[in-house]
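Chain by chain, the residues:
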Amino acid sequence: MSIRILGTGSALPERAVTNEEITELVDTSDEWIRERTGIAGRHISTGETVASLASRACVLALENARKSADEVELILVATCSPENVAPCAACQVQKEIGAGNAAAFDLNAACAGFLFALHTAWAYVESGIYRNALIAGSEVLSKIVDWEDRGTCILFGDGAGAVYVEKCGDGGILGFVQHSDGNKGDVLSCVGRTLENPFFRRISEKNYLKMDGREIFSFAVRQIPKTIEEALEKAGIAVGDVELFVLHQANRRIIEGISKRLGADEVHFPTNLERVGNTSSASIPLLLDELNRKGELKPGMRLVLSGFGAGLTCGACVLEW
């Protein structure tokens, strides 16, 4: 038994921000950003929330799968930038789309969050608890980015992607792995609300995303090929049998480095980061939806989904479309 993706959806904030606009905020240039990241633009929230973007993406995923909200049994939202501590974004999505029969909760594995949520849904279905799930990756990173730090503000964008999955007898997910390395968690971090109460106070830090770009680059280029190969081995599939590698859209140079280490042609590594930037947990389902709606995903195609992020976390999934 496994699960198969039957529908995809995505949503982006209305406001698009070009590299030229970023140059008005920090000392950089369009050429500098493109050369180092491959990013030309991103979408930034002017009121859209993690829950509202996820809801839009989920509605489209259900429409694509030809399913109704009341059929959904489980809703998972992967996010590291929710507006609320409670209620969770998944419960807000449940309310917004009218999925009254579903259980709902959030999951945070940063940029690898969508994969961790997909694997969680697989476990629920495999165990027989549920038969289907609606999974979204949704982020409004613009509220945790330091817009005076050119090392991070050039990278990130807001958005959401979603998939509807259902139990299947064959095909679907063929193999997956996920890993975490908390010892290196400090290389990508963001402080939440600091401890303050009538009995304890301390000077609050700026609650902005902090990143050691070199360490993240090294981790991704070294670890992701290993993780992908591990997942392929579990699935009994060779690198050359994979039609598309749908990777977390962090940086074009990282994707190029991964393709070289795997010995796979870059033509098999689609991207959309040039238009949407790094959308963290939303990046894989966003790209998956674009490919699906362009008709580039054919039944029987073998795909690899892989992501990495804060934690440090990483994962890979081999599936048959």
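Residues numbered from 1 in each chain as written. Predicted model: local features only at pLDDT ≥ 70, side-chain atom pairs only at ≥ 80, totals over all residues. Heavy atoms only, no water.

*Asks:* Any chance you could break down the overall build of the protein chain for me, citing the residues and the numbers?
*Replies:* Scanning the protein chain from terminus to terminus reveals 10 helices and 13 strands. Considering only C-alpha atoms, the protein chain reaches an extent of 55 × 50 × 35 Å along its principal axes. Put simply, the protein chain has 321 residues, and 55% of those count as buried. A separation threshold of at least 6 residues defines the contact pool for the protein chain, and within that pool the share at least 24 residues apart is 76%. For the protein chain, the accessible area works out to roughly 14,100 Å², and carbon and sulfur atoms hold 48% of it. Between the centroid of the 32 positive side chains of the protein chain and the centroid of its 43 negative side chains there is a distance of 2 Å. (Helix = DSSP H or I, 4+ residues; strand = E, 2+ residues; numbered from the N terminus. Buried < 20%, exposed > 50% of the residue type's maximum accessible area, 1.4 Å probe, protein only. Contact = heavy atoms within 4.5 Å. Areas by Shrake-Rupley, 256 points an atom, 1.4 Å probe, with all protein chains shown as cover. Lys, Arg positive; Asp, Glu negative; His and termini not counted. Charge placed at Lys NZ, Arg CZ, Asp CG, Glu CD.)

*Asks:* Account for the sheet that holds strand 8 (residues 172-180), naming residues and giving values.
*Replies:* One open sheet holds the four strands; their spatial order is 8-13-12-11, and the pairing between them is mixed. Among the strands making up the open sheet, the edge pair consists of strand 8 and strand 11 (244-247). Pairwise comparison of adjacent strand axes, ignoring direction, gives a mean angle of 15° for this sheet. Across eight bridges, strand 8 lies against strand 13 (residues 313-320) in antiparallel orientation. Among the inter-strand pairings, glycine 175 is bridged to a residue of strand 13, identified as valine 318. Along the sheet face, helix 10 (residues 283-293) touches strand 11 and strand 12 (302-309) and points at about 140° away from the line of strand 11. (Pairing = 2+ DSSP bridges. Axes fitted to C-alpha atoms, helices over the stretch in contact; angles between N-to-C directions.)

*Asks:* Go over the side chain of serine 45 with me, naming the residues and quoting the values.
*Replies:* With respect to the helices, strands and loops of the structure, serine 45 is situated in the loop between strand 3 (41-43) and helix 3 (50-65). The class for serine 45 is buried, based on a relative accessible area of 17%. A polar atom in the side chain of serine 45 sits 2.6 Å from the backbone oxygen of glutamate 48. In contact with serine 45, other than residues within four places in its own chain, are Pro13, Val140, Ser142 and Asp158. (Polar contact = N/O pair within 3.5 Å; in protein donor to acceptor, adjacent residues only side chain to side chain.)

*Asks:* Tell me about helix 8 (residues 252-262), and name the residues and values.
*Replies:* Of the residues making up helix 8, those classed as buried are Ile254, Ile255, Gly257, Ile258, Ser259 and Leu262. Along its buried surface, helix 8 packs onto helix 7 (213-235), strand 11, helix 9 (273-276) and strand 12. The residue sitting at the N-terminus of helix 8 and contributing the capping side-chain oxygen is asparagine 251; that oxygen lies 2.7 Å from the backbone nitrogen of arginine 253. At the C-terminal side of helix 8, glycine 263 shows a positive phi close to 70°.

*Asks:* Can you tell me about the nonpolar core, naming the residues and giving the values?
*Replies:* Ranked by size, the top nonpolar core spans 43 residues in total, and within it Ile228, Phe245, Ile258, Phe269 and Phe308 carry the most contacts. Taken together, the elements giving at least two residues each to this core come down to helix 7, strand 11, helix 8, strand 12 and strand 13. By size, the runner-up hydrophobic cluster in this structure holds 34 residues, among which are Ile3, Phe176, Ile284 and Leu297. (Core = buried A, V, L, I, M, F, W, Y, C linked by side-chain atoms within 4.5 Å.)

*Asks:* Let's hear about the packing of helix 7 against helix 8: which residues, and what values?
*Replies:* Close contact between helix 7 and helix 8 brings their axes to 9 Å; oriented N to C, the two are set at 40°. The orientation of helix 7 with respect to helix 8, classified from their angle, is oblique. Here helix 7 and helix 8 pass one another in a crossing that is right-handed. In this structure, helix 7 uses Phe217, Ala220, Val221, Arg222, Ile224, Pro225, Ile228 and Glu229 to contact helix 8, whose residues at the interface are Arg253, Ile254, Gly257, Ile258, Arg261 and Leu262. (Parallel < 35°, antiparallel > 145°, perpendicular 65-115°, else oblique. Left-handed = near helix turned anticlockwise from the far one by under 90°.)

*Asks:* Residue-level account of the environment of glycine 257, with values.
*Replies:* When you line up the elements, glycine 257 lands in helix 8. You can call glycine 257 buried: its relative accessible area is 16%. When the C-alpha atoms of glycine 257 and histidine 179 are compared, they prove to be 20 Å apart, with 78 residues separating the residues in sequence.

*Asks:* Go over unusual backbone geometry with me, naming the residues and quoting the values.
*Replies:* For the bond running from alanine 86 to proline 87, omega is -5°, close enough to zero to count as cis. Its place among the elements puts proline 87 in the loop between strand 4 (74-78) and helix 4 (89-97). Following glycine 311, the chain continues to leucine 312 via a peptide bond in cis, the omega torsion being -10°. Positionally, leucine 312 belongs in the loop between strand 12 and strand 13. The phi angle at alanine 110 is positive, at roughly 55°, despite the residue not being glycine. Inspection of the secondary structure puts alanine 110 in the loop between strand 5 (103-107) and helix 5 (113-126). Positive phi values are uncommon outside glycine, yet serine 280 reaches one of about 55°.

*Asks:* I'd like to hear about the sheet that holds strand 6 (residues 132-139), residue by residue, with values.
*Replies:* If you trace the five strands from one edge of the open sheet to the other, you get 1-7-6-4-5, paired in mixed fashion. Edge positions in the open sheet fall to strand 1 (2-11) and strand 5, since each of these has one partner strand only. Averaged over all adjacent pairs, the angle separating strand axes in this sheet is 20°, with direction ignored. Pairing between strand 6 and strand 7 (residues 159-168): eight bridges, direction antiparallel. Across the sheet, the residue bridging to asparagine 132 is glutamate 166, located in strand 7. Relative to the sheet, helix 5 contacts strand 1, strand 4, strand 5, strand 6 and strand 7, its axis offset from that of strand 4 by approximately 160°. Across the sheet, helix 10 lies against strand 1, strand 6 and strand 7, angled at about 90° from strand 1, the strand it touches most.

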